[in-house]
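Coordinate inspection notes
Read off the chains here:
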Amino acid sequence: MDARSGLFNTEMEKDMLILGILTAVIAVLMAVWPEMCISLSLFWGIILLIGSYYVRRYELILAMVAGLLLFFFGQGVSQLLLLALLNAPAFVMAWLGCENDDARSAAGWYAKLRRWCVITAMLAGLLYLGIGAAGIGPEGYDAFTAEMESEIMAGLDDASMQQFWDAYAERGVDTAALQEMIPQVFRVMMHLLPAVFALMFTAFSLFVLVIARMFLRVRFQNALDKPPFFREIMPLALSGILMVGLILALLGGEQENLAFYGGLNILLLMLPFTVYYGLAGFSRIRRKVSAGTRVLITVVLIAALLFLTPLALAVLAGMGILAPLFHRLAQPDNHDRIIEEEDKGGSA
């Protein structure tokens, strides 16, 4: 029977009390040890997502607001923005699933939840970076960049680095050109901060989803069911976004203008997703070969990732990008037959 049936439900009141106590404990711990804010935020997000299976939506809102207020009274606004934005994806996922049993049991629910998790996390990361940049202003940003660049140059000229430069000089590397290139790489990395922040928030939120799913499936056998990994195919929308990034980077390549760095940020943002779906494509290939060949190609992939990392990532990204095209080109009747053969081909 649904734990939320009935207006005054003893079991529900118990669940709400547990959620409130856990929220209060985590908020107090974050206020006492702000250096542990990110780690404790991870646990809070997991608790909110698990709690969505037991409480009503208004109770979920109360738990979120109460936690933020307790942290505010303990620490002020110093890290309140980070705490709120870090947990925004978990709250959105919990909100979608709360009091929504029909949606939770429908096919594709996990994919929908993951999609909203990624979208909210990326927006939260960009918003956090944007608010921070607006706080220091363009002059503050330029001063910070110049200060970091001078520190890098001072570190490169340090006597302890001489042995490092000598080793490269013995291999025939132009160390002077290398030293000039490092600050340029730093400036490019500063322009890629939007993608970096978006990816950090996304990785954090996806980890919350994965851990919460593990705990939920202990209590609810079919909670957050998802298709096998080998069936993961990159949505065409992501391929379109990737193409936009590539076009922007190519159009602005000579001037290194806003379009160029915007395209680079999109490409960097899409890289983990293309590699993920490329690994899913690799998993599909593994299922179609013999056990001995399966071990061999797995060893080759691991060795390539360790020793030829850029090439291996490029190949996996290419597999992830091309998979939707091959999937669309497959005839519907042949596609059903292929899926049946894959199901019989062994575990991924």
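For the structure itself, consult the block above.
**A word on helix α2 (residues 37-51)**
In this model, α2 (15 residues) spans 20 Å end to end at C-alpha, consistent with the 21 Å of a helix rising 1.5 Å per residue. For α2, a buried count of 11 out of 15 residues is recorded, marking the element as mostly surrounded by other parts of the structure. When we look at burial in α2, the residues that qualify are C37, L40, S41, L42, W44, G45, I46, I47, L48, L49 and G51.

**Considerations on the environment of L199**
Position of L199 relative to the elements: it lies in helix α9 (residues 193-219). In sequence terms L199 and P272 are 73 residues apart; their C-alpha atoms lie 8.7 Å from each other. L199 has contacts with L268, L269 and P272, leaving out every residue within four places of it along the chain.

**Notes on the packing of aromatic side chains**
Going through the model one piece at a time under the given rule, you end up with 6 aromatic pairs. Ring geometry for Y128 versus F201: centroids 5.9 Å apart, planes at 40 degrees, classification tilted. Pair noted here: Y128 is in helix α6 (residues 109-156) and F201 is in helix α9, with a separation of 73 residues, a long-range link. Looking at Y128, the relative accessible area reads 28%, which means it is partly exposed. Plain terms: the ring middles of F260 and Y261 are 5.1 Å apart, the flat faces sit at 70 degrees to each other, and that makes the pair edge-to-face. Each of the two residues, F260 as well as Y261, counts as buried. Taken together through their ring pairs, the aromatic side chains of Y128, F197 and F201 make up a single cluster. Looking at R57, its charged tip hangs above the ring of W95, at a distance of 4.7 Å from the centre. Between the NZ or CZ atom of R213 and the centre of the ring of Y110, over which it lies, the distance is 5.6 Å.

**Examining the pattern of salt bridges**
Applying the stated criterion across every chain, the model contains 2 salt bridges. Between R114 and E232 there is a salt bridge, and its shortest N-O distance comes to 3.1 Å. Placement of R114 in helix α6 and of E232 in the loop between α9 and α10 (236-251) is noted, with a sequence separation of 118 residues between them. The class of E232 is buried, set by a relative accessible area of 7%. Between D225 and R217 there is a salt bridge, and its shortest N-O distance comes to 2.7 Å.

**Brief notes about the packing of helix α11 (residues 258-287) against helix α12 (residues 291-307)**
With their axes 9 Å apart at the nearest point, α11 and α12 run at an angle of 155 degrees to one another. Considered as vectors, α11 and α12 are oriented roughly antiparallel to each other. Like other packed secondary-structure pairs, α11 and α12 cross with a definite hand, here right-handed. Every residue of α12 that contacts α11 at L279, F282, R286 and R287 is listed here: R294, I297, T298 and L301. A breakdown of the residues in the contact of α11 with α12 according to their chemical character gives 4 nonpolar, 1 polar and 3 charged.

Calculation notes
Residues numbered from 1 in each chain as written. Predicted model: local features only at pLDDT ≥ 70, side-chain atom pairs only at ≥ 80, totals over all residues. Heavy atoms only, no water. Helix = DSSP H or I, 4+ residues; strand = E, 2+ residues; numbered from the N terminus. Expected span 1.5 Å × (residues − 1). Buried < 20%, exposed > 50% of the residue type's maximum accessible area, 1.4 Å probe, protein only. Contact = heavy atoms within 4.5 Å. Phe/Tyr/Trp six-rings, centres within 6.5 Å; stacked < 30°, edge-to-face > 60°. Lys NZ or Arg CZ within 6 Å of the ring centre and 35° of its normal. Salt bridge = Lys/Arg side-chain N within 4 Å of Asp/Glu carboxyl O. Axes fitted to C-alpha atoms, helices over the stretch in contact; angles between N-to-C directions. Parallel < 35°, antiparallel > 145°, perpendicular 65-115°, else oblique. Left-handed = near helix turned anticlockwise from the far one by under 90°. Nonpolar A, V, L, I, M, F, W, Y, C, P; charged D, E, K, R; others polar.

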